[in-house]
Amino acid sequence: MSDTMSRITLARRPKGAPVPEDFKLETGAVPTPVSGEVVIEVTHLSLDPYMRGRMDDVKSYAPSVDLGGTMTGQGVGRVLQSKAEGFGTGDMVTGMTGWASHACLPGSELRKLDPALPPSTALGVLGMPGLTGWVGLNEFGKPKAGETLVVGAATGPVGSMVGQLAKHMGLRTIAIAGGAEKCRLATETFGFDAAIDHRAHDDAASLRKAIAEAAPDGVDIYWENVAGQVLEAVMPLMNVHGRIPVCGMIAWYGGSNIAPENQLPAMWRSILVKRLQVSGFIIFDHWDQYPAFLKDVGPKVAAGELAYLEDVAEGLENAPNAFIAMLKGGNTGKQIVKL
């Protein structure tokens, strides 16, 4: 066992989109566990859009990363030392390891992984993103057979879960994705009925026309992952009593790309007139549903009934660049870093 660990820290707070200089690679001693703790050698890290918000020093649903602190995030890894009941050397586990080669966490904050499944699935299709799609669609989307669903960032780990679940429930599913290749994946791999390349449209009006052609009966559920031009395009197409689960808004995370047309009064009127249900939700409020999610979705993944894609970057030192690219839509599937 090496005595040295590596970690990626927050070197400075971003102004707009993150850049490599906002991160720093540091080394230090591998932690020593005390009673109830486990030391993990991390094998895979998860990169997720919510991490951009943690880089800002603002009040939110979760604490910001301190300057000089390890970037937050979920990881999976192998137990090196255990002083916690129920965990032994060599067990594969998952927990909030942060962007680091090693982590020391209480056993109560770790979960053993099913050895029959690739460990990386605990970060994507069977992890927080998969749970987000499952909870958000069922609780806030309230899908009904015959309805029409539009999903932003449809080939990502959340969007692809939402689309596949909805398709199995008998909905018409329309993917919004960036680029012809992602649109192909949306229909051929994830089974969406139609896919629209938002990059092929110069403005919201053009994108709206394409969505309207794919959704001749209007939109009953819009899964909000991106905001920006996609939200502007979809909003007038929403049906009466439509539902909008608000999961993310990548286009606005850096504080830019907010068009003058996206004015609150106009959207507020649409919400009233069409009696829309707009539900913001944070998955951390719904972890109690994880066992039910795993019971429902786990066998489907094992049987190949639910598809998933992973975009794997190699090496901890490449995590910042992979994260920066992901926020710009540069990934295909769940973004993971393999250590």
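Here, the structure is the one placed above.
This structure is a prediction, so every number in the text was calculated from the model and none was measured.

Asks: What's the story with the pattern of salt bridges in this structure? I'm lost.
Replies: Pairing is possible between side chains that carry opposite charge, provided their charged atoms lie close to one another. Scanning all chains against the criterion turns up 11 salt bridges. The shortest N-O distance in the salt bridge between lysine 334 and aspartate 48 comes to 2.5 Å. Placement of the pair is lysine 334 in strand β15 (residues 334–338) and aspartate 48 in the loop between β3 (37–46) and α1 (50–54), with a sequence separation of 286 residues. Comparing lysine 334 with aspartate 48 shows no difference in burial state: the two are buried. Here arginine 184 makes a salt bridge to glutamate 181, at a shortest N to O gap of 2.6 Å. Within this pair, arginine 184 and its partner glutamate 181 are both found in helix α4 (residues 180–188), separated by 3 residues, close to a single helical turn.

Asks: Explanation requested: empty space enclosed by the protein in the structure shown.
Replies: Considering all chains together, one arrives at 1 cavity of 30 Å³ or more under this definition. Its volume calculated, the largest cavity comes out at about 100 Å³. Taken together, 16 residues line the largest cavity, and the ones lying closest to its centre are Val125, Pro157, Ser160, Ala307 and Tyr308. Here the lining of the largest cavity takes 4 residues from helix α3 (residues 157–168), the largest share from any one element. Split into classes, the residues belonging to the lining of the largest cavity amount to 8 nonpolar, 6 polar and 2 charged.

Asks: It is not clear to me how the sheet that holds strand β8 (residues 148–151) should be interpreted in this structure. Could you clarify?
Replies: Remark on secondary structure: sheet strands pair via backbone hydrogen bonds, oriented parallel or antiparallel. Taken in spatial order, the 6 strands make up an open sheet running β10-β9-β8-β11-β12-β13, and their pairing is parallel. The open sheet has two free edges, formed respectively by β10 (194–197) and β13 (277–280), since each of these has just one partner strand. Strand after strand, the sheet turns through a mean of 15° between neighbouring axes, direction not considered. Where β8 and strand β9 (residues 172–177) come together, 4 bridges link them in parallel fashion. Looking at the pairing, valine 150 lines up with isoleucine 174 of β9.

Asks: Please clarify how helix α9 (residues 319–327) should be interpreted in this entry.
Replies: Counting buried positions over the 9 residues of α9 gives 7, a clear majority of the element. Within the sequence span of α9, burial applies to Ala319, Pro320, Ala322, Phe323, Ile324, Met326 and Leu327. Residues of α9 that are buried make contact with β1 (4–10), β2 (23–29), α1, β14 (310–314) and β15.

Asks: Please clarify how the packing of aromatic side chains should be interpreted in this entry.
Replies: When we look at a pair of aromatic rings, we describe it by the centre distance and by the angle of the planes. In this structure the tally under the stated criterion is 9 aromatic pairs. For the ring pair tyrosine 290 and phenylalanine 293, a centre distance of 5.7 Å and an interplane angle of 50° mean the geometry is tilted. In this pair, tyrosine 290 and phenylalanine 293 both sit in helix α8 (residues 290–302), 3 residues apart, roughly one turn of the helix. Here tyrosine 290 matches phenylalanine 293 in class, with each residue buried. Three or more aromatic residues joined by ring pairs form one cluster here, namely Trp134, Trp287, Tyr290 and Phe293. One cation-aromatic arrangement involves lysine 112 over phenylalanine 87; the distance from NZ or CZ to the ring centre is 6.0 Å.

Conventions used here
Residues numbered from 1 in each chain as written. Predicted model: local features only at pLDDT ≥ 70, side-chain atom pairs only at ≥ 80, totals over all residues. Heavy atoms only, no water. Salt bridge = Lys/Arg side-chain N within 4 Å of Asp/Glu carboxyl O. Helix = DSSP H or I, 4+ residues; strand = E, 2+ residues; numbered from the N terminus. Buried < 20%, exposed > 50% of the residue type's maximum accessible area, 1.4 Å probe, protein only. 1 Å grid on protein atoms, 1.4 Å probe; cavity = no way out; pocket = protein on both sides within 12 Å on 5 of 7 lines; lining within 4 Å. Points joined across faces, edges and corners; volume = space filled by probe spheres on them. Nonpolar A, V, L, I, M, F, W, Y, C, P; charged D, E, K, R; others polar. Pairing = 2+ DSSP bridges. Axes fitted to C-alpha atoms, helices over the stretch in contact; angles between N-to-C directions. Contact = heavy atoms within 4.5 Å. Phe/Tyr/Trp six-rings, centres within 6.5 Å; stacked < 30°, edge-to-face > 60°. Lys NZ or Arg CZ within 6 Å of the ring centre and 35° of its normal.

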